[in-house]
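# Residue-level structure breakdown
Below are the chains, spelled out letter by letter.
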Amino acid sequence: GGSSGAGNSDGSTETTTLRLAENHPDDYPTAIGDKEFARLVEEKTDGRYVIEVYAGGQLGEESEVLEQAQLGTIDLARVNSIPLAQFSQDIGVLSMPYLFEDEDKKWEKLNGEVGQDLLATLDGSNLVGLAFYDSGERSFYNTKRPVENPEDMAGLKIRVQNSELAIDIVEALGASATPMEYGEVYSALQTGVIDGAENNFPSYYTSNHYNVSQYFTVNGYQGNPEVLLASESLWNDLSDEDKEAFREAALESVEVQREAWAELTEESREAVLEAGSELVEVDDISEWRDAVQPVYDKYGDQFGDWIDRLAE
Amino acid sequence: MKTLRLIKLILDRLLLVVSLTLLAVMIVIIIYQVFSRQILNSTPSWSEELSRILFVWVSFLGIAYGFKEKLHIALGLIVNMMPKKVQDIFDYFAKGLVIFLGVIMIYYGWNFTTLMANNVMPGTGLPSSMLYVVMPISGFYVTLYGTALLFKKGMHQEFDDANEE
Amino acid sequence: MEILILFGSFFLLLIFRVPIALTLIISSLLTGIYMGIDPASLVQRMVRGLDSFSLLAIPFFILAGEIMNEGGISRRLINLANVIIGKVRGGLAMVNVFSSTLFGGISGSALADTSSLGSVLIPMMKKQKYDTDYSVAVTISSSTQGVLIPPSHNMIIYATAAGGVSVGALFIGGLGPGLLLALAIMILTYALAVKRNYPKGEAVKKEDIPKIVRDGLLGLFTVVIIMGGILSGFFTATESAAIAALYAFIITFFVYREIPVTRMGVILERTFRTLAMVLFLIGASAAFGWLLAMLKVPALVSDALLTFSPNDAITILIILIILLLLGMVMDMAPLILIVTPILLPVATSAGMDPVHFGIVLMLALGIGLVTPPVGSILFVGSAIGRISIERSAKAMLPFYAVMIVVLLLVAYIPELSLFLPNLFGQ
Ligand code: NA
Ligand code: NA
């Protein structure tokens, strides 16, 4: 990597310190995963590689960190899969609604061959994908009423991330999509500029959106995973054994990260329930699946092969 | 010499006209965005990103313009107490650094711009290079004005006529 | 070693009278090259440091201020202040303080306040036999309200440097401390005026009052648009700034109608000049701050300060002293950008809310604008009054004392800053 200390190609035992950028706080599940990854790498390389985690977005936002990783200034990074779609359109498939049958299937695929193949589509962008981390499933919440089935979404103004696919999903459900910066959502919910938004339990809780938007429908419609990646310039410096060690460490750290995620989700869920949020459980997810069919009609051609491979 | 001066005059004029135009367009875009969000009830996906790009452009062209117009503030506490001749030496040193910065902006700015040619910005779909290409452009002007400063006295504004913060 | 190169080259270039923004970027480049970091990374940091929607509010606030100024807002605010407060002892001095409070609601810049109000009021005060040094001191001390009373572009710079602090909360939070500062300066101004037996103001003709009030209030409606827009969630800070600029445009060219629309070219150019200065600093500081993070300097400083300090109150006092000392030798915008990443973690671990810290930072660095040896407002005010900086600074002594008392109150009573933001759920 481009950081302190020399490489180890001459077989010496010198230590190379690498920087890993993480935009969540130090105790967040992704950061816990990063640290486990760091521990495993150090173990597997007999201390030749030490990884320092820069949590809390100290080294910049995700898109900035990605550019630094492309340059090789940042050796490793943990980012969401959404910004990666600008380097590999294929990775955009992970934003498709109800892409996996269930959690088990999802992680079987992401940790398996398809997952690695999908990460390999980053080739040519100076980035090397190592593994996927969990960030749960996103669901809808609103200020107006308990939403039990897709028909109840009609007419609600829902904040979405600024992307065409995000807009299409919400509109397929009959609601009206409002792209808006995340930081503005709280006051927009409070003042009625929008009626609802969508996110996972931990974000719903830590953003305090539950204070101003009490109806949370547990319909987990989308689950963009996080991605742990390396810069290509680090990658090219690694010996084949070390590459293997990094990959193994990444995949092995997924379990610890997912446990931390499950714990946080449970904590947040209890906290919002205690604060008076009304959780609407969805018994029959198939009507939601059916409702987003227009999205599959529209993006089917673009993501077709990947959809088949991930769903099989 | 006369043609050289004419070329510089045109370049000066171009910098100011382009900068002020971009500034004005940026203002209009944001006002349009408010109008669109509040009245038409839909937020265009390109407006915010485009205005940010324009803002970065205005900022970087401003760096160069600031050197030309001696706008960038410095701390004169110690050097101001020295004889004028010695002050000039310090000024030459600072002018050298201006040129150094200009060259860095041209070289590394251009490298980075080409590296970012395949990165797409989500809102407008433009390549990220559109954001970064202002670095070498501004770098060219910084180098030009750094060199021009070598032929002028001083490089700082006097506080008496400062009416900006 | 890296830290030594970064700070060593920074301070060396700074005392060599290299422009501050250039100092920041050159010392970052030198350190980066030493660390084996691709200089393109620092180039990227400069761009990305500026690539922010909240920063876009800055050109609009500056533009709104420039339009209003060109259209003659200063005179109208002075007239309005005169109607309200002009008849007391030292009337014109009181008008000076109060019109700065009003001006603060339109402009985010204390320097613009001094130069535009000061160049009208200082000659008027001299004519009415006020001492020149007193006139200058009243002008410059009162202009510091501008950094606290919304809008304030320095607060936007702080919000960006702090990462994710709400501009709306800072704006509304600054109102209380800003008015407290106004009140404190007014009391001192009045006490001195009584002691020195300065004249009362002249009465305003009754029939003129409605027009004066209407003209002044039309201008002041800017702050209502900005705060109303942000607090209701109708506009973001940037959008409200854009609307404020549009409003200033309409009021100036269609209501006041003192200048032709063709003046917009000059106004835009002036806006660009101010921007050029501020934005280079922001970009260069982004590169510098990024290296600080890489080298873990904030954590080092924070640990050192916290081990050294026995309790929170003393930690806060140390922060205040550091800020006042730095403010004496450097300008406000670069200091905000440099010290925020370093001192904010210290402040929060001493129990300060980031909004509260931001407001304390504004006031402390605002005081730095009027203190020697480097204080841009002190310089401009003295230049307008045509007296030496030493004479102004001497006349400022009682004002410094009052401002520091206000600073201590604001620092140790968080409710002064946080009451309004909490009330509005910001
Ligand atoms: Na203000
Ligand atoms: Na004043």
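All figures in this text were calculated on a predicted structure; none of them were measured in a lab.

What counts, and at which threshold
Residues numbered from 1 in each chain as written. Chains lettered and ligands numbered in written order. Predicted model: local features only at pLDDT ≥ 70, side-chain atom pairs only at ≥ 80, totals over all residues. Heavy atoms only, no water. Helix = DSSP H or I, 4+ residues; strand = E, 2+ residues; numbered from the N terminus. Rg over C-alpha atoms; globule rule 2.2 N^0.38 Å. Buried < 20%, exposed > 50% of the residue type's maximum accessible area, 1.4 Å probe, protein only. Areas by Shrake-Rupley, 256 points an atom, 1.4 Å probe, with all protein chains shown as cover. Lys, Arg positive; Asp, Glu negative; His and termini not counted. Charge placed at Lys NZ, Arg CZ, Asp CG, Glu CD. Pairing = 2+ DSSP bridges. Axes fitted to C-alpha atoms, helices over the stretch in contact; angles between N-to-C directions. UniProt positions renumbered as here; feature names shortened; annotations may be inferred. Contact = heavy atoms within 4.5 Å. Buried area = accessible area lost by both parts, 1.4 Å probe. Salt bridge = Lys/Arg side-chain N within 4 Å of Asp/Glu carboxyl O. Expected span 1.5 Å × (residues − 1).

### Re the overall build of chain B
Looking only at helices and strands, chain B has five helices and zero strands in total. For 165 residues, the compact-globule estimate of 2.2 N^0.38 gives 15 Å, and the C-alpha radius of gyration of chain B, at 19 Å, exceeds that figure by more than 25%. Structurally, chain B occupies a C-alpha span of about 65 × 35 × 35 Å along its principal axes. Relative to its full complement of 165 residues, chain B shows a buried share of 50%. Working note: accessible area of chain B is about 7800 Å², and carbon and sulfur atoms make up 70% of it. Charge-centre separation for chain B: the mean point of 13 positive side chains lies 9 Å from the mean point of 11 negative side chains.

### A word on the sheet that holds strand β3 (residues 76–80) of chain A
Residues and elements named next belong to chain A. Across the sheet, which stays open at both edges, the five strands sit in the order β2-β1-β3-β10-β4 with mixed pairing between neighbours. Looking at the sheet topology across the chains shown, the edges are occupied by β2 (49–54) and β4 (127–133). The mean angle between the axes of side-by-side strands here comes to 25°, regardless of whether they run parallel or antiparallel. Here β4 runs beside strand β10 (residues 226–231); their pairing, made up of six bridges, is antiparallel. Residue pairing in the sheet places valine 128 in a bridge with alanine 230 of β10.

### Quick word on the UniProt feature "domain: TRAP C4-dicarboxylate transport system permease DctM subunit" (unreviewed entry) in chain C
Sites flagged by UniProt as "domain: TRAP C4-dicarboxylate transport system permease DctM subunit" (unreviewed entry) map to residues 7–416 of chain C. Structurally, residues 7–416 of chain C comprises 78% helix and 0% strand, and the distance from its first C-alpha atom to its last is 36 Å.

### Thoughts on unusual backbone geometry
Of the consecutive residues proline 150 of chain C and proline 151 of chain C, the connecting peptide bond is found in the cis state with omega at -5°. With respect to the helices, strands and loops of the structure, proline 151 of chain C is situated in the loop between α8 (132–143) and α9 (153–162). Look at asparagine 208 of chain A: it is not a glycine, yet its phi comes out positive at around 65°. As for its position among the elements, asparagine 208 of chain A is in the loop between α8 (201–206) and β9 (215–222). Owing to a relative accessible area of 32%, asparagine 208 of chain A belongs among the partly exposed residues under this scheme.

### Points about the interface of chain A and chain C
Often the size quoted for an interface is simply the accessible area lost on bringing the parts together. Counting residues at the interface gives 21 residues for chain A and 18 residues for chain C. For chain A, the biggest contributors to the area lost against chain C are Glu64, Gln68 and Leu71 of chain A; these three give 25% of the whole. Here chain A is connected to chain C by three salt bridges. In this structure, the salt-bridge partner of glutamate 64 of chain A is arginine 45 of chain C, at a minimum N-O distance of 2.7 Å.

### A look at α8 of chain C
Residues and elements named next belong to chain C. For α8, which comprises twelve residues, the first-to-last C-alpha distance of 17 Å matches the rise-based estimate of 16 Å (1.5 Å per residue) to within 8%. Taking burial as the measure, the twelve residues of α8 include twelve buried ones, the bulk of the element. Of the positions making up α8, those classed as buried are Thr132, Asp133, Tyr134, Ser135, Val136, Ala137, Val138, Thr139, Ile140, Ser141, Ser142 and Ser143. Residues of α8 that are buried make contact with α6 (91–104), α7 (110–127), α10 (167–195), α18 (376–385) and α19 (389–412).

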